[in-house]
Amino acid sequence: MRVLATGMALLILVLGPAGIAHGQNDATLPVADLFSPPLGFRDGLSYAPRIEYAGNDLIENTDYGVMNPDLVGSTCFGRPWETIYHAGEDLYRADGESTAGAEVTAVADGRVVYANLFINYPGLVVIVEHLLPSKELVYSVYIHLDDNTISVEEGELVERGQRVGTVLYQRYAGRFPDQHPDGDDSHLHFEMRYFYDASDIYEDHLACNGRVPGRGYTYPIHPDDFPEADAGYTDPSTFVEIRSVTRTPTSTATPAPTASRTPVSAVVTATDSPLPTPYSPLLPLLICGTEWMAVGY
Ligand SMILES: [Zn+2]
């Protein structure tokens, strides 16, 4: 028993609190030299952020690095939601149909380093670590996954296009309900970033700390430079797009279809839902925001 206990202690030391060792150029981690969008890999559909106008007024923008006028309430940053920067992008079906149930796939070969089954953003979060040809590590982050559909485990190696889960249904709770008659706000919050752990990076806004996936937003620093320049978030669709074709003409790999980033002008939309959901009975969340529930801020 002592040997077993010692072994367990060593294992915990090696793996750390998140459960899975990460940030190491492990020989088992394949090089990710080809990327595909996280949605549309097999269904052939296009997914994109929503950028909507009412007349000349921008009423919604779920793209990366922007402020979204559709958001309501205030945040752990002490700011109204519509005045902070989106650290990822919210992807919706470009044809206007509900994104709920859409299959989310790994954007490249890598290793699952986070698949927390007891969190609520709303929905679950999966993070996959990728080793770039440059030897840099980068992380793809998939948020708002339906808790019954997660098909990967922490530590598991995944291939580009491998199913991670599906998109959770979310109800619209933004500023323009009259223009969202279907009340549907289902979407994937997708991030690409050069760091794994965002649980303790908000030095000026300590209330925003606390979870590995982070808040999904930054303030006052733009996500490109957060927490550090060239080591923070990056525009996820651009990152994927420029790596979605093989760079060596002799390769036989075939890139998957690339999601359109064309704004969906015909669809009036939805954004992150700040409303609490009934999920996650095990963790009373002290979190805020659209990816997280607005509680007391
Ligand atoms: Zn988002």
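S.K.: Looking at this structure, I do not really get the overall build of the protein chain. What am I missing?
M.R.: Within the protein chain, the regular secondary structure consists of 2 helices and 14 strands. Put simply, 67% of the contacts in the protein chain that link residues at least 6 apart link residues at least 24 apart.

S.K.: Looking at this model, I keep getting lost on the confidence of the model for the protein chain. Mind explaining?
M.R.: Fine structural detail should not be taken from predicted coordinates in areas where pLDDT scores are low. Of the residues in the protein chain, 73% have a pLDDT of 70 or more, and the chain-wide mean is 81. Long-range and interchain partners of residues 1-19, a stretch whose pLDDT sits below 50, account for 7 contacts in this model, where long-range means more than four residues apart.

S.K.: When you look at the nonpolar core in this model, what are you seeing that I'm missing?
M.R.: Considering soluble globular proteins, one finds that nonpolar side chains tend to be buried as a cluster. Counting 45 residues, the largest nonpolar core has Val-104, Val-125, Val-126, Ile-127, Val-128, Tyr-142 and Leu-145 as its most contacted members. Contributing elements (two or more residues each) for this core: β1 (47-48), β5 (89-93), β7 (110-116), β8 (124-131), β9 (137-145) and β12 (188-193). By residue number, the principal contributor to this core is β9, which donates 7 residues. With residues near it in sequence (within four places) discarded, Val-126 still touches Val-112, Tyr-114, Ala-115, Tyr-142, Leu-145, Ile-150, Val-152, Val-164 and Gly-165.

S.K.: Whenever I open this one, unusual backbone geometry confuses me. Can you help?
M.R.: Peptide bonds are mostly trans, and most non-glycine residues show a negative phi. Residue Pro-220 follows Tyr-219 across a cis peptide bond; omega there is 0 degrees. Mapping Pro-220 onto the fold places it in the loop between β13 (217-218) and β14 (233-234). Note the cis peptide between Phe-226 and Pro-227, where omega equals 0 degrees. Relative to the assigned elements, Pro-227 resides in the loop between β13 and β14.

S.K.: Would you mind going over the environment of His-205 with me for this structure?
M.R.: Position of His-205 among the secondary structure elements: in the loop between β12 and β13. By the C-beta count within 10 Å, which is 19 here, His-205 ends up partly exposed. In this structure the C-alpha to C-alpha distance between His-205 and Gly-78, which are 127 residues apart in sequence, comes to 8.0 Å.

Cut-offs used in this document
Residues numbered from 1 in each chain as written. Predicted model: local features only at pLDDT ≥ 70, side-chain atom pairs only at ≥ 80, totals over all residues. Helix = DSSP H or I, 4+ residues; strand = E, 2+ residues; numbered from the N terminus. Contact = placed C-beta atoms within 7 Å. pLDDT = per-residue confidence, 0-100. Core = buried A, V, L, I, M, F, W, Y, C linked by C-beta atoms within 7 Å. Buried ≥ 20, exposed ≤ 12 C-beta atoms within 10 Å, placed from the backbone.

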